[in-house]
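What follows is each chain in one-letter form.
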Amino acid sequence: MELSRRTMLKSSSLALMSVATSTGLAAHAAIAEEPVWSIAPGVYIGEGSGRSGILTAQITVKNDCILDIEVLENPDTDNISEIAINSVTKDMRNYQSINVDTVTGATLTSFGLITAVQDALEKSGGDISIFEAEPQYPSPEAQDCECDIVIVGGGAAGMNAAIEAKAAGKSVILVEKQGFLGGGDSMFSSTAFITGGGYNVYKGEFEACTEEDYYNYICKKYEKYDIDKENIHACCMWGGKILDFYLSIGIPLTKFNGNKDFRNRMDDGSAPGTHIMRHLSAYMNKIGLDYRVNTKMTSIIMEDGHAAGVMVENPSGEYAIKAKAVILASGSFTRNEEIISDYCHAQKYAKLPRICSSANTGDGLLAAVEVGANLCNMSENFIKLNAIGFQADNGAALSMVPIQTTAALVNDDGLRYVNEYDTLAKVLIDTELEQPNQASWAIFDQKLVDANAFVRDCIALGYVQTGTTWEELASVIGMEGQAQENLVATMQKWQKTGTGNVEEDFGATIPDAFDTPPYYAIRVQPVMQGAYCGIETDDMAHVINTEGQVIPNLFAAGVVSGHGFPPTAGLTVASGFGRIAGQTAALEIA
Ligand SMILES: Cc1cc2nc3c(=O)[nH]c(=O)nc-3n(C[C@H](O)[C@H](O)[C@H](O)COP(=O)(O)OP(=O)(O)OC[C@H]3O[C@@H](n4cnc5c(N)ncnc54)[C@H](O)[C@@H]3O)c2cc1C
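Residues numbered from 1 in each chain as written. Predicted model: local features only at pLDDT ≥ 70, side-chain atom pairs only at ≥ 80, totals over all residues. Heavy atoms only, no water.

Enquirer: Help me get a handle on the overall build of the protein, residues and values and all.
Expert: Along the backbone of the protein there are 18 helices and 22 strands. Out of the 590 residues belonging to the protein, those deemed buried represent 53%. In the protein, once contacts between residues fewer than 6 apart in sequence are set aside, the share between residues at least 24 apart is 70%. About 25100 Å² of surface is accessible on the protein, with carbon and sulfur atoms providing 50% of the total. (Helix = DSSP H or I, 4+ residues; strand = E, 2+ residues; numbered from the N terminus. Buried < 20%, exposed > 50% of the residue type's maximum accessible area, 1.4 Å probe, protein only. Contact = heavy atoms within 4.5 Å. Areas by Shrake-Rupley, 256 points an atom, 1.4 Å probe, with all protein chains shown as cover.)

So, in structure tokens, the structure goes:
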């Protein structure tokens, strides 16, 4: 992508330069000693297409230098886009070029900003070719090296493993294939909560909120799943320590649902995942951990049946990192259709849109299989699907979970087909896949919009259709004839049933009568969110081979394994098993 952009910029630059040579000399002669700037000094505003919409940037140009770049509007509000904005802005200013590299993992936001700055420069009417030189980036080294423990992946699992191993006095190298620390799903997720008990701040306030209570809660709630209780217990026992550590490094986790569902949230409703990743990354810098971004593990080095390091590649080439222990923390495989079909036999879900990171290509799982690792829980039961996902025209996909407990689900024939609020996720998804076009409309009214900032953001991004009457809403979303009549009848019946009452068709308790126009509809469909299965480990994070034996010096942590957890609490699994892997590896190589 970077190459094609450069080619494109070069050809536009050539065109501009030929215009400049035919007209520019006369202009130079006319104003004699006055300096002639390619870009007239001034402030210019430009627009570019980001991941979720139009990004607007303002630039200040003086003496043919871009002095300042300010992003005025950026619809991509997550942490990854912030990282991209900071990195691309810095590069454009340092190198005085719009031909800078995008940030791997945040390509669309990076392009949005670069295009906005290019647009702003073009609005000056000047010759922008002076800003099209290719920056001379320093090449990263690609030399063989050694350390005690090498960790693959810079998400919640990898960073917790690194912090634990370093605290035990080991030399650690962490490699991350994206251009930043923070993980794939860990960062991408807009995670809603981190579960766990034993949180010191709240000790004494709730009757049952210890690590053991959380363990019992998980086992009871997911007793129908084939779960690994020993692994879950080991992970839950780290809960309090991890949550207290997160607090100690400045993550404002303040709201706790007590013994109800063990969900720890932020007071302002923002997603803990992004805060955790930002603060963990900062902590990694503070303690001087050796981490290498844009560095991809390609295979595990084995010597005499022991893991002895990894092969990695960066933009300069391939090299070996020899180590006494290897921790795989490379996330899940949900972007790898072959793994979903061939290993999980979940072909019917393989093509669903994804609301997870594009980094989830299963690299760690495949590398581990190469060296004899066994896989566990590889079935559709451990793939986390979401019944009401949304996919934007620009490819952005997100979870509509914030409206799941309120919106009515109607198919393209204008009919409801399920109890939206009390149907097992899997059944709901399978039923949805049987509907025309395998999608539905999530319907609600102005009251939900007034109450829900998430919905208002969706409206601002153009994801939501609206009409002042049910007839108008039906027509706006393309329902005509019988379908339109059906939608009107369906929603009038809904209104008639009234808030808090049970409707007769599917037995749903109506959460809101939707009696406050205008009415709204969002196109929703099943999407894939994550996978909680993969490399088999024991409760100390050792990787187990197909003979049921530990592969010496090889560990796995986080959703690269799933560790026998049910499909839930990914951040807890990643944080807990990251710590366990870091601790065990450090102890065993001592
Ligand atoms: C939409 C959404 C909502 C979620 N909500 C919640 C929630 O509310 N609560 C909760 O607990 N969990 C939630 N989760 C799940 C949770 O975010 C993840 O399960 C967890 O963060 C996974 O952490 P990890 O470190 O194992 O993997 P990741 O965060 O995916 O990190 C893996 C890292 O490894 C890197 N990598 C991969 N291959 C290589 C390679 N070959 N070489 C080098 N690096 C490599 C990747 O780039 C990535 O940075 C949600 C997930 C999603 C997608």
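Enquirer: How would you summarise the sheet that holds strand E1 (residues 42-49) if you had to cite specific residues and measurements?
Expert: Backbone hydrogen bonds are what pair the strands of a sheet, in a parallel or an antiparallel way. On the basis of which strands lie adjacent, the open sheet formed by 3 strands has the order E1-E2-E3 and antiparallel pairing. Both edges of this open sheet fall to E1 and strand E3 (65-73), since each of them pairs with a single strand only. For this sheet, the mean inter-axis angle between neighbouring strands, taken without regard to orientation, is 25°. With 8 bridges connecting them, E1 and strand E2 (residues 54-62) associate as antiparallel partners. Residue Gly48 lies in a different strand from E2, and its bridge partner there is Leu55. Of the strands in this sheet, E1, E2 and E3 touch helix H3 (residues 107-123), which is tilted by about 140° from E1. (Pairing = 2+ DSSP bridges. Axes fitted to C-alpha atoms, helices over the stretch in contact; angles between N-to-C directions.)

Enquirer: I'd love a proper account of the packing of aromatic side chains, names of residues and values included.
Expert: All chains considered together, the criterion is met by 11 aromatic pairs. Centre to centre, the rings of Tyr214 and Tyr217 are 6.3 Å apart; their planes meet at 25°, and the pair counts as stacked. One end of the pair, Tyr214, and the other, Tyr217, are both in helix H6 (residues 211-221), 3 residues apart, so they sit about a helical turn from each other. Classification of Tyr214 by relative accessible area gives buried; the value is 1%. Put simply, the rings of Tyr222, Tyr225 and Phe382 touch in pairs and so form one group of aromatic residues. Here the guanidinium or amino end of Lys241 rests over the ring plane of Trp238, the centre of that ring lying 4.2 Å away. For the cation-ring pair, Arg579 lies above Phe245, with the distance from its terminal atom to the ring centre recorded as 4.6 Å. (Phe/Tyr/Trp six-rings, centres within 6.5 Å; stacked < 30°, edge-to-face > 60°. Lys NZ or Arg CZ within 6 Å of the ring centre and 35° of its normal.)

Enquirer: Help me get a handle on the environment of Gln391, residues and values and all.
Expert: Along the chain, the position of Gln391 falls in strand E14 (residues 383-391). Sequence separation between Gln391 and Thr516 is 125 residues, and the spatial gap between their C-alpha atoms is 27 Å.

Enquirer: I'd like a rundown of helix H4 (residues 156-167), residues and numbers included.
Expert: Across its 12 residues, H4 extends 17 Å between first and last C-alpha, which sits within 8% of the 16 Å expected from 1.5 Å per residue. Of all 12 residues making up H4, 10 are buried, and the element is well covered by its neighbours. A positive phi of about 85° marks Gly169, the residue just after H4. (Expected span 1.5 Å × (residues − 1).)

Enquirer: Let's hear about the environment of Ile327: which residues, and what values?
Expert: Here Ile327 shows up in strand E12 (residues 317-328). Classification of Ile327 as buried rests on a relative accessible area of 0%. Once the C-alpha coordinates of Ile327 and Ile80 are considered, the two residues, 247 residues apart in sequence, prove to be 24 Å apart. Ignoring sequence-local partners within four residues, the contact set of Ile327 consists of Ile149, Val150, Ile151, Val152, Ala161, Phe555, Ala557, Ala581, Gly582 and Ala585.

Enquirer: Could you give me a rundown of unusual backbone geometry, with the residues and numbers involved?
Expert: In this structure, the amide linkage connecting Pro517 to the following residue, Pro518, adopts the cis form with an omega of 5°. Here Pro518 lies in the loop between helix H17 (481-497) and strand E19 (519-531). Of note in this structure, Phe514 is not a glycine but carries a positive phi near 50°. Examined against the element boundaries, Phe514 turns out to sit in the loop between H17 and E19. With a phi close to 55°, His563 is a non-glycine residue in the positive phi region.

Enquirer: Describe the nonpolar core, listing the residues and the values that go with them.
Expert: Here is a general trend for soluble globular proteins: nonpolar side chains tend to be buried in one another's company. Grouped together as the largest cluster of nonpolar side chains are 85 residues, with contacts concentrated most on Ile321, Ile403, Ile443 and Phe444. Considering each element in turn, this core owes the most residues, 7 residues, to E19. For Ile443, the residues in contact, after removing those within four places along its chain, are Ala407, Ala408, Val410, Trp470, Leu473, Leu487, Met491, Phe514, Tyr520 and Ala521. Membership of the second largest hydrophobic core comes to 55 residues, among which are Ile149, Phe245, Ile249 and Phe555. (Core = buried A, V, L, I, M, F, W, Y, C linked by side-chain atoms within 4.5 Å.)

Enquirer: Which residues make up the side chain of Gln435, and what values go with them?
Expert: Tracing the backbone shows Gln435 in the loop between helix H13 (425-433) and strand E17 (440-445). Owing to a relative accessible area of 12%, Gln435 belongs among the buried residues under this scheme. Polar side-chain contacts of Gln435 include one of 2.9 Å to the side chain of Asn411. At 2.9 Å, the side chain of Gln435 forms a polar contact with the backbone oxygen of Thr431. Residue contacts for Gln435: discarding those within four places in its chain leaves Asn411 and Tyr417. (Polar contact = N/O pair within 3.5 Å; in protein donor to acceptor, adjacent residues only side chain to side chain.)

Enquirer: Could you give an account of the layout of surface pockets, with specific residues and numbers?
Expert: Computed from the structure, the second largest pocket encloses a volume of approximately 1500 Å³. Along the wall of the second largest pocket there are 48 residues; nearest its centre are Ser87, Gly179, Phe180, Val293 and Asn294. Counting residues per element, the ones that place at least two in the lining of the second largest pocket are helix H1 (2-30), helix H2 (79-95), helix H9 (272-286), strand E9 (290-292) and strand E11 (306-314). Among the elements that take part in the lining of the second largest pocket, H2 stands out by supplying 9 residues, more than any other. Among the residues forming the lining of the second largest pocket, the class breakdown is 17 nonpolar, 17 polar and 14 charged. (1 Å grid on protein atoms, 1.4 Å probe; cavity = no way out; pocket = protein on both sides within 12 Å on 5 of 7 lines; lining within 4 Å. Points joined across faces, edges and corners; volume = space filled by probe spheres on them. Nonpolar A, V, L, I, M, F, W, Y, C, P; charged D, E, K, R; others polar.)

Enquirer: Summarise the pattern of salt bridges; cite the residues concerned and give the values.
Expert: By the definition in use, this model includes 18 salt bridges. In this structure, the salt-bridge partner of Glu420 is Arg416, at a minimum N-O distance of 2.8 Å. Among the residues examined, Arg416 registers a relative accessible area of 11% and is labelled buried. In this structure, Arg416 and Glu503 form a salt bridge, with 3.2 Å as the shortest nitrogen-oxygen distance. Here Arg416, found in the loop between strand E16 (408-410) and H13, pairs with Glu503, found in the loop between H17 and E19; they are 87 residues apart in sequence, far enough to count as distant. Comparing Arg416 with Glu503, the two get one shared label, buried. Residues participating in the shared-partner salt-bridge network are Asp445, Lys447, Asp512 and Asp515. (Salt bridge = Lys/Arg side-chain N within 4 Å of Asp/Glu carboxyl O.)

Enquirer: How would you explain the state of the cysteines if you had to name every residue and give the values?
Expert: Enumeration over the complete set of coordinates arrives at 0 disulfides. Cysteine Cys344 is unpaired, with the sulfur of Cys533 as its nearest cysteine sulfur at 4.3 Å. You can call Cys344 buried: its relative accessible area is 3%. (Disulfide = S-S within 2.5 Å.)

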